[in-house]
Structures are given as structure tokens and as C-alpha cells.
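Understanding the architecture of this molecule
These are the residues of each chain, in order.
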Amino acid sequence: MRKLFILMIMCVASVAASAQKFALVDMEYILGNIPAYERANEQLNQSSKKWQAEIEAVNTEASTLYKNYQNEVVFLSEQQKKDRQKAIVEKEKKAADLKKKYFGPEGELYKKRQSLLQPIQDEIYNAVKEISTLRGYSLVLDRASNSGIIFGSPRIDISNEVLQKLGYSVND
């Protein structure tokens, strides 16, 4: 009797699980078809290059100060040595501070990325949510991420539908 009860529960659970609907989206494909995303990435790259050049310039100054110090150390008084060492350390600290300011966890690049990309991501999320609600999907997976999806049927891929919902033409 107990085995029959467990078997019935397993059957009911498998029927309930099979009744759920799933869909896939390819976020790389979607983002690649949104011009605003490409423009935002270009702005981020330009800012990143500018900030990196600024940091490298300060690092070069520190390196030059250090080389000059090494060449002149035998001619310097103790006070001059301390002053030069202090200047070198200050330049190196300035470079590290700039790196943290621009590229740190709460740095300028992070803030700029949030301000440029978050509205696009929110728009995509809302479109996926609306389509999922309309079609009754219980779960939508991103096939572009490393989520372990080995195979996904193109029939359940709603990426083109998301793009259409966002107002972008689809290249079929």
C-alpha cells in the first residue's frame, strides 16, 4: 500500500512538473541587436581608455622620478633623499587612488555602466516578463550564460519576440 502511495505522488509530481512552460532567451543576441547598447558600450570604452591613460601618465611620472632618484642618489643629502622618496611614494599613491576612483568596485566606470546599461536591461527584463506572463512561462533561461544548458529547442527561444516587443527589427 505504501509503495502505491509513493508511486501516485511521483506520478502527480511529474505531471505537475510537465505542465510548466519554459522559454529561452539569448541575451547576447538581444543586446547585439539594440543600437543603444552598442553606443553605451562605446561610451564606456572611451571613458575607460581616457581614465587608463590618466593613470598610466601618473605611473610614468612616478617611474621617471624613481629613475632620476636612482641616478642622483649618491649626490643627494639625507634630506633630499627623503624628499625625493616622499615624492615618489606620493605619485604612486596618486596612481593607486586614481585606479580605485575610476575602476574600483564603486568607481566611476561602475557608476557610468549602471547609468547607461541599467535602463536597457530593465527594458529587456520588462519585455521578457510581459511575454512570459502572456504566454504562461514559468521559467525563462538565458542560453548565452554559463547556466549549463546543453540543448534548447529553437521553438522555445523568445529572443526575437523580445526584440520585437522592444521595437527592434528582427533579422531572420
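Below: a short report on this structure. Computed from a predicted structure; not experimentally measured.

Interaxial distance between helix α3 (residues 35–72) and helix α5 (residues 108–135) falls to 10 Å at its minimum, and their mutual angle equals 175°. Our classification of the angle between α3 and α5 gives roughly antiparallel. The segment α3 lies against α5, with A36, Y37, A40, N41, Q43, L44, S47, S48 and W51 engaging E108, L109, K112, R113, L116, L117 and I120. Residues that form the contact of α3 with α5 fall into these classes: nine nonpolar, four polar and three charged.

On to the environment of L98. With respect to the helices, strands and loops of the structure, L98 is situated in helix α4 (residues 78–103). Assessed through its relative accessible area of 11%, L98 is described here as buried. Residues within four places of L98 in sequence aside, it is in contact with E54, I55 and V58.

Right, let's talk about the side chain of D26 for a bit. By secondary structure assignment, the location of D26 is in the loop between β1 (21–25) and α2 (27–32). No salt bridge forms around the buried D26; measuring N to O, its nearest opposite-charge neighbour R143 is 5.1 Å away. Among the polar contacts listed, one links the side chain of D26 to the backbone nitrogen of E28, at a separation of 3.2 Å. Those residues in contact with D26 that sit more than four places away from it in its chain are D142, R143, A144, D157 and S159.

Another aspect to go through is the packing of aromatic side chains. Applying the stated criterion across every chain yields a total of two aromatic pairs. Relative to Y102, the ring of W51 lies with its centre 4.9 Å away and its plane at 5°, an arrangement referred to as stacked. Taken together, the residues W51 in helix α3 and Y102 in helix α4 connect sequence positions 51 residues apart. Here W51 matches Y102 in class, with each residue buried. With a centroid separation of 6.4 Å and an interplanar angle of 75°, the aromatic rings of W51 and F103 are classed as edge-to-face. Taken together, the residues W51 in helix α3 and F103 in helix α4 connect sequence positions 52 residues apart. With relative accessibility at 9%, the residue W51 sits in the buried group.

The subject of this paragraph is α5. Along its 28 residues, α5 runs 40 Å from first to last C-alpha, staying within 8% of the 40 Å computed at 1.5 Å per residue. Along α5, the sharpest kink reaches roughly 40°, centred on L117 and followed within four residues by the proline P119. Downstream of α5 by one or two residues, G136 has phi in the positive range, about 80°.

Attention shifts here to the packing of α3 against α4. Running from N to C, α3 and α4 cross one another at 165°; their axes reach a closest spacing of 9 Å. When the interaxial angle is binned, α3 and α4 end up roughly antiparallel. Between α3 and α4 lies a crossing whose hand is left-handed.

Rules behind the numbers
- Residues numbered from 1 in each chain as written.
- Predicted model: local features only at pLDDT ≥ 70, side-chain atom pairs only at ≥ 80, totals over all residues.
- Heavy atoms only, no water.
- Axes fitted to C-alpha atoms, helices over the stretch in contact; angles between N-to-C directions.
- Helix = DSSP H or I, 4+ residues; strand = E, 2+ residues; numbered from the N terminus.
- Parallel < 35°, antiparallel > 145°, perpendicular 65-115°, else oblique.
- Contact = heavy atoms within 4.5 Å.
- Nonpolar A, V, L, I, M, F, W, Y, C, P; charged D, E, K, R; others polar.
- Buried < 20%, exposed > 50% of the residue type's maximum accessible area, 1.4 Å probe, protein only.
- Lys, Arg positive; Asp, Glu negative; His and termini not counted.
- Salt bridge = Lys/Arg side-chain N within 4 Å of Asp/Glu carboxyl O.
- Polar contact = N/O pair within 3.5 Å; in protein donor to acceptor, adjacent residues only side chain to side chain.
- Phe/Tyr/Trp six-rings, centres within 6.5 Å; stacked < 30°, edge-to-face > 60°.
- Expected span 1.5 Å × (residues − 1).
- Bend = angle between axes of the 7 residues up to and from the residue.
- Left-handed = near helix turned anticlockwise from the far one by under 90°.

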